[in-house]
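Architecture at a glance
The residues making up each chain are set out below.
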Amino acid sequence: MATARAKLNGKSEIYKNYIGGRWVKPASGVLMENRNPANIRDLVGLFPASTAEDVDAAVNAAIEAFPKWKAMPAPKRAEILYRLGQILIERKEQFATDMTREMGKVLKESRGDVQEAIDMTFYTAGEGRRLHGYTTPSELPEKMAMCMRQPVGICSLITPWNFPMAIPSWKMMPALVCGNTLIIKPAEDTPLSTINLVKAAEEAGVPAGVINIVMGKGEDAGAPLTRNPGIRLVSFTGSTDTGRIVAEKAARTGKICSLEMGGKNVIMVMDDADLELAAEGAIWGAFGTSGQRCTASSRIVVHKKAYKKFVEKLTGRVKSLRIGNGLDRKVEVGPVINEDAVRKILYYIGVGKDEDGATLHFGGNRLDRGDYKYGYFIEPTIFTDVEPQMRIAQEEIFGPVVSIIPCRNLEEAIEIGNGVIYGLSSSIYTQDLNRAFRAMEAMNIGIFYVNSSTIGAEVHLPFGGTKATGNGHREGAMATSLEIFSEWKAIYVDYSGKLQKAQIDNQ
Ligand code: UN1
């Protein structure tokens, strides 16, 4: 995305940061273009290129708004979230269209992204009447012991472009219901969807300063969000490399840090699997969202007895996938996000071609003629006979490229499946219950599916992964996201009327 003051076409607009309840220009005065990845002649709008100055203003606004928001009873905060969920339902079609225009994924998937934000909003709103703490016996008589949650304070949320409304909602809703105030910085490729969410929140009645949005590049607007001493928590979703930089910076000022990072997810197809179903799942997992999900099925390990048939079925279907502008209802696979992504994906396709033994079985090209000329389109690409240690089977490509790896049995499939640095999602296709359960137990990952693809997690179950995918936190599911966005307070009430010493002080 170029930094420029571009000429606006009829449909584009100039957007501003939202700080302390006001829509304001970035201190730098510089704007960034946001263009449609299916057609770069379409300028979605101009968005702020913010810097530390804007972040500081947003942090100050969040600090100012915090005491009042924290003091509002949680069920009242939740009522605002219910209203927000309702607004999202009403605007779903418009928000999905905006999302496809700026992010590229097909309209059905953009509707799904908005739906995930709706689900998360209502689900979290319910927590306003729970936010449970607990009581426990004290070791002394006439003394009560209990603990309750309290907000952590000011949160910074740094979110990616592949789920530009759903992922912000995973972070924003639990942060709000717990009583925190926040600054969100959306990815520079997809700011409009997050603005849509923030505007809806403003309309629903979230008070000024509780949510602030600052847009810009990671190094200019994201980095200060990991440094500012007023911030207590950083929640980040993105690449493992960036996530680790975020964690290092956050540690310097002792911030709570929650990271969701890369994946190299595997589907294991056994010889007794329903191969039609497995091929269908593999296509959805590998090429849905053009392979740009953290949960994308980028490796398929197939039992050698089923290998030939599976590859045939998969290729047959991939050949007929319609690629194009996601706003066209017949299109099944949209563009990738930007020119850098095209470069990276083509680089990995080159690496795959150069590997001794692997075969580029289908695809492998950029589409740049006719209707594709002004977009970032890459053919769905299948590599066969891939060996587990090859780079295309080890590194996250984040594009429509899948590696098919043969295996001899379940044990080997599990070993290959676990043999990467990441640990987000995996799945097995089998009719054998024993195999399914063995794999479920043996996979060192955060999400596991039986007889379905590696994508499609629901908001009320924990989302996240092991190893290089995360740092031990989970999003989604209430208990896990509340663990991120609240801190415990232990409370002792002595009603004996005398000095009672705890056991350790009474030896
Ligand atoms: C992501 O790719 O970062 O499980 C999130 C899924 C979606 C979320 C994916 N519900 O595929």
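Residues numbered from 1 in each chain as written. Predicted model: local features only at pLDDT ≥ 70, side-chain atom pairs only at ≥ 80, totals over all residues. Heavy atoms only, no water.

**Brief notes about the overall build of the protein**
In terms of regular secondary structure, the protein is built from 14 helices and 26 strands. Its C-alpha radius of gyration of 24 Å places the protein within 12% of the 23 Å reference for a compact globule of 507 residues. A buried classification covers 58% of the 507 residues belonging to the protein. Intrachain contacts of the protein at a sequence separation of at least 6 include 74% that bridge at least 24 residues. Here the protein carries 61 positive and 59 negative side-chain charges, and the mean point of each set is 3 Å from the other. (Helix = DSSP H or I, 4+ residues; strand = E, 2+ residues; numbered from the N terminus. Rg over C-alpha atoms; globule rule 2.2 N^0.38 Å. Buried < 20%, exposed > 50% of the residue type's maximum accessible area, 1.4 Å probe, protein only. Contact = heavy atoms within 4.5 Å. Lys, Arg positive; Asp, Glu negative; His and termini not counted. Charge placed at Lys NZ, Arg CZ, Asp CG, Glu CD.)

**Digging into the site of the ligand**
Lining the immediate environment of the ligand, one finds Glu-116, Asn-162, Phe-163, Ile-167, Trp-170, Arg-293, Cys-294, Thr-295, Ile-455, Gly-456, Ala-457 and Phe-463. In this structure, Asn-162 approaches the ligand through a side-chain N or O atom, which is 3.4 Å from an oxygen atom. Take Cys-294: an N or O atom from its main chain is 2.7 Å from an oxygen atom of the ligand. Considering only residue class, the shell around the ligand consists of seven nonpolar, three polar and two charged. Residues from two domains meet in the shell around the ligand; each of domain 1 (51-135 + 146-261 + 470-486) and domain 2 (266-450) gives at least three. (Near = heavy atom within 4 Å. Polar contact = N/O pair within 3.5 Å; in protein donor to acceptor, adjacent residues only side chain to side chain. Nonpolar A, V, L, I, M, F, W, Y, C, P; charged D, E, K, R; others polar. Domains from an automatic or database assignment.)

**Structural notes on the packing of aromatic side chains**
Within the structure shown, the criterion is met by eight aromatic pairs. Aromatic pair Tyr-82 and Phe-122: ring centres 6.1 Å apart, planes at 35 degrees, arrangement tilted. Linking Tyr-82 in helix α2 (residues 74-90) with Phe-122 in helix α4 (residues 107-126), this pair joins segments that are 40 residues apart in sequence. Judged by its relative accessible area of 25%, Phe-122 is partly exposed. Stacked on the ring of Phe-163, the Lys or Arg Lys-105 has its end atom at 3.8 Å from the ring centre. (Phe/Tyr/Trp six-rings, centres within 6.5 Å; stacked < 30°, edge-to-face > 60°. Lys NZ or Arg CZ within 6 Å of the ring centre and 35° of its normal.)

**Structural notes on the pairing of strand β18 (residues 381-384)**
Successive side chains on a regular strand alternate, one facing one side of the sheet and the next facing the other. The alternating pattern of β18 places Thr-381 and Phe-383 on one face and Ile-382 and Thr-384 on the opposite face, and all of these are buried. Looking at chain direction, strand β15 (residues 359-362) and β18 are connected through three bridges and run antiparallel. The residue of β18 that forms the bridge with Phe-362 is Ile-382. Strand direction decides the pairing type here: β18 and strand β19 (residues 401-407), joined by three bridges, are parallel. Note on β19: the bridge partner recorded for Thr-381 is Val-401. (Pairing = 2+ DSSP bridges.)

**Focus on the pattern of salt bridges**
Taken as a whole and assessed by the stated rule, the structure comprises 21 salt bridges. Notably, a salt bridge pairs Glu-93 with Arg-111, separated by 2.9 Å at the nearest N-O pair. Of the two residues, Glu-93 is situated in helix α3 (residues 92-103) and Arg-111 in helix α4; the sequence distance between them amounts to 18 residues. Judged by its relative accessible area of 22%, Arg-111 falls in the partly exposed class. A network of salt bridges, in which partner residues are shared, links Asp-271, Asp-272, Lys-305 and Arg-435. (Salt bridge = Lys/Arg side-chain N within 4 Å of Asp/Glu carboxyl O.)

**Remarks on unusual backbone geometry**
Phi angles above zero are rare outside glycine, and Phe-398 is one such case at about 60 degrees. With respect to the secondary-structure elements, Phe-398 resides in the loop between β18 and β19. Here the phi dihedral of Lys-467 falls at roughly 50 degrees; this positive angle occurs in a residue that is not glycine. Tracing the sequence through the fold places Lys-467 in strand β24 (residues 466-467).

**A short note on the pairing of strand β21 (residues 425-429)**
Burial analysis of β21 places five of its five residues in the buried class, which makes it a mostly covered element. On β21, burial covers both faces: Ser-425, Ser-427 and Tyr-429 on one face and Ser-426 and Ile-428 on the other are all buried. Pairing between β21 and strand β22 (residues 447-450): four bridges, direction parallel. Within β22, the residue paired with Ser-425 across the bridge is Ile-447. Each parallel crossover has a hand, and the one from β21 via helix α13 (residues 433-442) to β22 is right-handed. (Right-handed = clockwise from strand over helix to strand, strands pointing away.)

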